[in-house]
Amino acid sequence: MNSIIFSAGARLLVALLLVFSLFMLLRGHNLPGGGFIGGLIGAVGFIVYSLACGPAEAKSALRISPEVLGMVGLGIALLAGLASLPFGDPLFTGQWYWVGGDSYETAAFSINSVLVFDIGVYLVVLGGILSLAFAFEEET
Amino acid sequence: MSWLLVFPIAVPFVTAVLAYLVRMSFWGRWVSLAGSVVTLIAAIALTVAVLREGVVAAQMSNWDAPFGITLVADYLGVVMVLITAITGLATAIYALGEIEVRLEKLGYHALFQTLIAGVSGAFLTGDLFNLYVWFEVMLIASFGLLVLGGSRAQLDAGLKYVALNLVSTLVFLSGIGLLYGLTGTLNMADLAGAVAEVENQGLVTVIAMMFMFGFGVKAAIFPLFFWLPASYHTPSFAVSAVFAGLLTKVGVYALMRMFTLVFVGDVGFTHEILIWVSAATMLTGVLGAAAQTDFRKILSFHIISQIGYMTLGLALYTPLALMGGVFYLVHHIIVKANLFLVSGVANKLAGHTDLNRIGGLYKSSPVLAALFIVPAFSLAGFPPLSGFWAKYLIVKAAIEIDAWFIAFIALLVGLLTIFSMTKIWGMAFWKPHPDGIDPTPDRVPTRIRLPMMIPIVGLAAMTVVIGFFPEPFVVFAEIAALQLLDPEAYVTTVLGERP
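Model, not experiment: these values are computed from the prediction.

Basis of the calculations
- Residues numbered from 1 in each chain as written.
- Chains lettered and ligands numbered in written order.
- Predicted model: local features only at pLDDT ≥ 70, side-chain atom pairs only at ≥ 80, totals over all residues.
- Heavy atoms only, no water.
- Helix = DSSP H or I, 4+ residues; strand = E, 2+ residues; numbered from the N terminus.
- Rg over C-alpha atoms; globule rule 2.2 N^0.38 Å.
- Buried < 20%, exposed > 50% of the residue type's maximum accessible area, 1.4 Å probe, protein only.
- Contact = heavy atoms within 4.5 Å.
- Areas by Shrake-Rupley, 256 points an atom, 1.4 Å probe, with all protein chains shown as cover.
- Lys, Arg positive; Asp, Glu negative; His and termini not counted.
- Charge placed at Lys NZ, Arg CZ, Asp CG, Glu CD.
- Expected span 1.5 Å × (residues − 1).
- Buried area = accessible area lost by both parts, 1.4 Å probe.
- Salt bridge = Lys/Arg side-chain N within 4 Å of Asp/Glu carboxyl O.
- Polar contact = N/O pair within 3.5 Å; in protein donor to acceptor, adjacent residues only side chain to side chain.
- 1 Å grid on protein atoms, 1.4 Å probe; cavity = no way out; pocket = protein on both sides within 12 Å on 5 of 7 lines; lining within 4 Å.
- Points joined across faces, edges and corners; volume = space filled by probe spheres on them.
- Nonpolar A, V, L, I, M, F, W, Y, C, P; charged D, E, K, R; others polar.
- Phe/Tyr/Trp six-rings, centres within 6.5 Å; stacked < 30°, edge-to-face > 60°.
- Lys NZ or Arg CZ within 6 Å of the ring centre and 35° of its normal.
- Axes fitted to C-alpha atoms, helices over the stretch in contact; angles between N-to-C directions.
- Parallel < 35°, antiparallel > 145°, perpendicular 65-115°, else oblique.
- Left-handed = near helix turned anticlockwise from the far one by under 90°.
- Patch = residues over 30% accessible without salt bridge, like charges linked within 9 Å, V, L, I, M, F, W, Y side chains within 5 Å.
- Core = buried A, V, L, I, M, F, W, Y, C linked by side-chain atoms within 4.5 Å.

Moving on to the overall build of chain B. Across its full length, chain B holds 21 helices and 2 strands. Taking 2.2 N^0.38 as the reference for a compact globule, 499 residues should give roughly 23 Å; the C-alpha atoms of chain B span a radius of gyration of 22 Å, in line with that estimate. Viewed in the frame of its principal axes, chain B has a C-alpha envelope of about 75 × 55 × 40 Å. For chain B, the proportion of its 499 residues judged to be buried stands at 64%. Taking the contacts inside chain B whose residues are at least 6 apart along the sequence as the reference set, 82% of them involve residues at least 24 apart. Surface accessibility of chain B: about 17,500 Å² in total, with carbon and sulfur atoms responsible for 70%. Of the charged side chains in chain B, 24 are positive and 26 negative; the average position of the first set lies 18 Å away from that of the second.

Below, the structure is given as structure tokens:
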């Protein structure tokens with residue numbers, strides 16, 4: 001696509017979309033959002049970029065091939081599930097470590113396996129959608 | 001305890017991730033092999049636990065049933081997981097010899113392990129929606145394996161396979177939705193009680209038929225089997241062995257589970273349909289095979305006819321019949337996977353799978369011929385191989401309730417199976433090669449031949465062992481059948497003791 005307006009606008013849009021996708025990812029769990037929707041928005045960002053500058057450019061911006069990204073995401077999600085093994089809980093039981101307190105009300109923030117799982121999902125969705133999208137764009 | 005149920009699913013998944021990341025180097029195949037060994041160990045550990053306790057259940061994420069995802073293994077579930085792991089290991093070894101580097105780089109091992117994870121998941125889950133998810137995992141992985149390599153025949157087969165399987169999954173999903181609307185639960189153990197309390201039992205029967213259709217496509221019963229002979233002869237032999245051994249059996253397993261645990265309100269109607277469907281499945285499968293001349297196509301049609309015996313075991317719905325069905329399920333996976341593996345070696349030696357274009361295999365490789373005889377005659381039900389006991393139990397169950405016609409069909413199909421097997425025997429092994437080639441084993445280097453022969457020998461040995469010492473296996477199948485017919489233990493293990 002050779003529209004100068006589109007390619008100039010795309011730069012802004014892509015940056016916004018990527019930041020928004022991270023926002024959605026972190027907003028999850030307690031509010032609408034999460035890994036899946038975040039990954040979709042992130043994928044949209046890269047698709048807009050590849051429409052503006054070509055799939056080759058978008059691929060090099062992604063740095064890692066989308067298939068590997070998806071598989072790494074699957075691995076991270078699995079690890080988050082397996083994280084409950086040493087604590088003696090069943091698979092995928094959320095593990096929470098509260099910083100500066102001992103519950104949701106008192107703690108400043110928490111480190112937990114749920115977010116790690118969401119990050120894994122984010123990468124799986126991003127990688128999966130992008131590998132499809134890039135394959136389609138190269139076809140035409 | 002709960003982790004025993006997780007490992008047969010989690011290990012193949014982890015293996016898939018690792019195998020994908022190292023797919024460009026030769027490590028991929030060894031990672032896959034190691035993963036299969038660990039999966040088998042996990043499956044054995046689970047089997048030991050089930051043998052000790054009867055039924056084992058665990059709630060994922062610590063959410064109690066019926067709200068969370070339940071994994072549960074009873075005798076039927078665990079034997080399926082065990083046999084899945086065995087087949088997985090056998091084909092992983094076989095793949096060392098058969099799968100080309102080109103396919104490995106496309107991610108063959110990752111897809112293969114994902115498929116195994118999906119199959120194990122389907123056998124272990126105690127939640128209907130979760131079962132649907134595992135069906136999807138299996139469908140995606142198997143589609144990938146089916147078209148991997150991208151030849152024209154493979155894409156053609158893949159399209160038919162995916163189109164029909166998607167239809168079945170959609171009907172299955174609609175059934176799940178309706179069932180949930182009717183009862184408000186999808187936990188299978190919970191459903192067992194909830195469905196009986198539904199006022200409108202007619203609606204339950206309608207949903208039951210939707211499930212029968214959905215699972216029926218997966219299991220390839222009459223008249224929903226078209227996708228199977230259209231696709232199973234195209235992918236690599238290791239892949240078609242796994243498909244032939246495991247995929248349709250997941251459909252049969254799901255039928256057995258749902259139509260003994262949940263849909264038992266109107267047995268006279270649903271199971272009566274299944275009886276005649278089974279008979280038609282047996283007959284069409286075996287007659288279809290008679291018309292084929294391709295090694296793998298004959299075997300594909302025989303899968304269909306054998307599926308009929310298993311669903312017949314369910315449909316007759318007596319303890320003996322179900323016991324025969326379970327026994328048949330296990331015996332068939334071993335035998336059918338092995339026959340596809342043999343066809344792969346025959347293809348390597350003689351250069352083709354079309355029976356008109358090969359021959360002389362008996363002269364060049366008597367060992368292979370002997371290894372073909374074992375599963376082939378077991379399939380046809382020759383004593384004393386495993387298939388004899390399987391057929392004996394089913395036919396005896398049919399005669400016991402005076403279903404003479406069904407018993408007659410079952411015996412007739414066995415006879416016709418021998419016809420097909422002798423056709424393969426005559427054309428591939430006895431007649432001279434039409435091109436005058438002597439397909440000596442030396443044409444295939446040992447590096448390739450050895451890993452392809454080891455699993456065939458192993459599986460054939462299992463067939464013989466089951467044939468000569470059926471006692472423990474029959475006892476196992478009997479307990480599995482009794483558990484299916486009286487799901488009390490299953491329900492209480494999943495839901496906990498009710499006050």
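And the narrative resumes.
A few words on helix 4 (residues 66-82) of chain A. Taking 1.5 Å per residue, 17 residues should reach 24 Å; helix 4 of chain A reaches 24 Å between its end C-alpha atoms and fits that length. Considered for burial, the residues of helix 4 of chain A that qualify are P66(A), L69(A), G70(A), M71(A), G73(A), G75(A), A77(A), L78(A), A80(A), G81(A) and L82(A).

Turning our eyes to something else, we now look at the interface of chain B and chain A. Opposite the 17 residues of chain B that make contact, chain A presents 16 residues. When chain B packs against chain A, close to 1,400 Å² is buried across both sides, 79% of that on carbon and sulfur atoms. Contact with chain A buries area across many residues of chain B, yet W3(B), V17(B) and Y20(B) alone supply 40% of it, more than any other trio. Our count for the chain B to chain A interface comes out at 0 salt bridges. Counting the contacts that link chain B with chain A gives 0 residue pairs in polar contact (both at pLDDT 80 or more). Ranked by residue count, the leading element in the side of chain B that touches chain A is helix 1 (residues 2-21) of chain B, at 11 residues.

Time to look at the layout of surface pockets. All names here are of chain B. Size it by volume and the second largest pocket reaches roughly 480 Å³. Surrounding the second largest pocket, 26 residues form its lining, G97, E98, I99, E100 and K348 being those nearest its centre. Secondary-structure elements contributing two or more residues to the lining of the second largest pocket are helix 2 (27-53), helix 3 (75-98), helix 4 (101-105), helix 14 (319-350) and helix 19 (446-468). By residue class, the composition of the lining of the second largest pocket is 12 nonpolar, 6 polar and 8 charged.

Further remarks concern the pattern of salt bridges. All names here are of chain B. Summed over all chains, the structure comprises 4 salt bridges over all chains. A salt bridge links E104 to R29; its shortest N-O distance comes to 2.9 Å. One end of the pair, E104, is in helix 4; the other, R29, is in helix 2, and 75 residues separate them in sequence. When its relative accessible area of 21% is taken as the criterion, R29 is described as partly exposed. Between K160 and D156 there is a salt bridge whose closest N-O contact spans 3.3 Å.

Time to look at the packing of aromatic side chains. Residues and elements named next belong to chain B. Enumeration over the complete set of coordinates arrives at 34 aromatic pairs over all chains. Note on F372 and W425: the rings are 6.5 Å apart at their centroids and 5 degrees apart in plane angle, and the pair reads as stacked. Separated by 53 residues along the polypeptide, F372 in helix 16 (residues 366-380) and W425 in helix 18 (residues 404-430) bring together distant segments of the chain. The exposure classification of F372 matches that of W425, with both residues buried. Centre to centre, the rings of F388 and W389 are 5.0 Å apart; their planes meet at 70 degrees, and the pair counts as edge-to-face. The exposure class of F388 is partly exposed, given its relative accessible area of 25%. Judged by its relative accessible area of 25%, W389 falls in the partly exposed class. A cation over an aromatic ring shows up here: R23 above the ring of Y20, its NZ or CZ 4.2 Å from the ring centre.

Residues and elements named next belong to chain B. At their nearest, the axes of helix 5 (residues 108-124) and helix 11 (residues 237-261) sit 10 Å apart, and the two run at 20 degrees to each other. By the angle between their directions, the pair helix 5 and helix 11 is classed as roughly parallel. Crossing geometry of helix 5 relative to helix 11 is assigned as left-handed. Across from Y108, F112, L115, I116, V119, A122 and F123 in helix 5, the residues of helix 11 making contact are A238, V239, V242, F243, L246, L247, K249, V250 and Y253. The residue makeup of the contact of helix 5 with helix 11, split by class, is 15 nonpolar, no polar and 1 charged.

Before going further, it helps to examine empty space enclosed by the protein. All names here are of chain B. Under the counting rule described, the total for this entry stands at 4 cavities of 30 Å³ or more. Of the volumes computed, that of the largest cavity is approximately 90 Å³. Those elements that place two or more of their residues in the lining of the largest cavity are helix 6 (128-147), helix 7 (152-183) and helix 11. For the lining of the largest cavity, the per-class residue count stands at 7 nonpolar, 4 polar and 1 charged.

Our focus in this paragraph is a nonpolar patch on the surface. A cluster of nonpolar residues, F36(A), I37(A), L40(A) and I129(A), forms a patch on the protein surface that exposes about 310 Å² of accessible area. Top contributing element to the nonpolar patch by residue count: helix 2 (residues 35-53) of chain A, with 3 residues.

Looking now at the nonpolar core. In this structure, Y108(B), L128(B), F211(B), F263(B) and F372(B) are the most contacted members of the largest nonpolar core, which totals 198 residues. The greatest single-element share of this core, amounting to 20 residues, is contributed by helix 14 of chain B. Counting 19 residues, the second largest nonpolar core, distinct from the first, contains L17(A), L25(A), L69(A) and L130(A).

Right, let's talk about the environment of A133(A) for a bit. Residues and elements named next belong to chain A. Position of A133 among the secondary structure elements: in helix 5 (residues 113-139). The buried category is assigned to A133, whose relative accessible area is 11%. C-alpha of A133 to C-alpha of A43: the two residues are 90 residues apart in sequence and 8.9 Å apart in space.

All names here are of chain A. Position of A15 among the secondary structure elements: in helix 1 (residues 4-27). A15 gets classed as partly exposed once you look at its relative accessible area, which sits at 41%. As a C-alpha pair, A15 and F46 span 31 residues in sequence and 9.6 Å in three-dimensional space.

Moving on to the side chain of T234(B). All names here are of chain B. Looking at the element boundaries, T234 is found in the loop between helix 10 (227-231) and helix 11. A relative accessible area of 16% places T234 in the buried class. Polar side-chain contacts of T234 include one of 2.8 Å to the backbone oxygen of S231. In contact with T234, other than residues within four places in its own chain, are L146, A153, Q154, A157 and R296.

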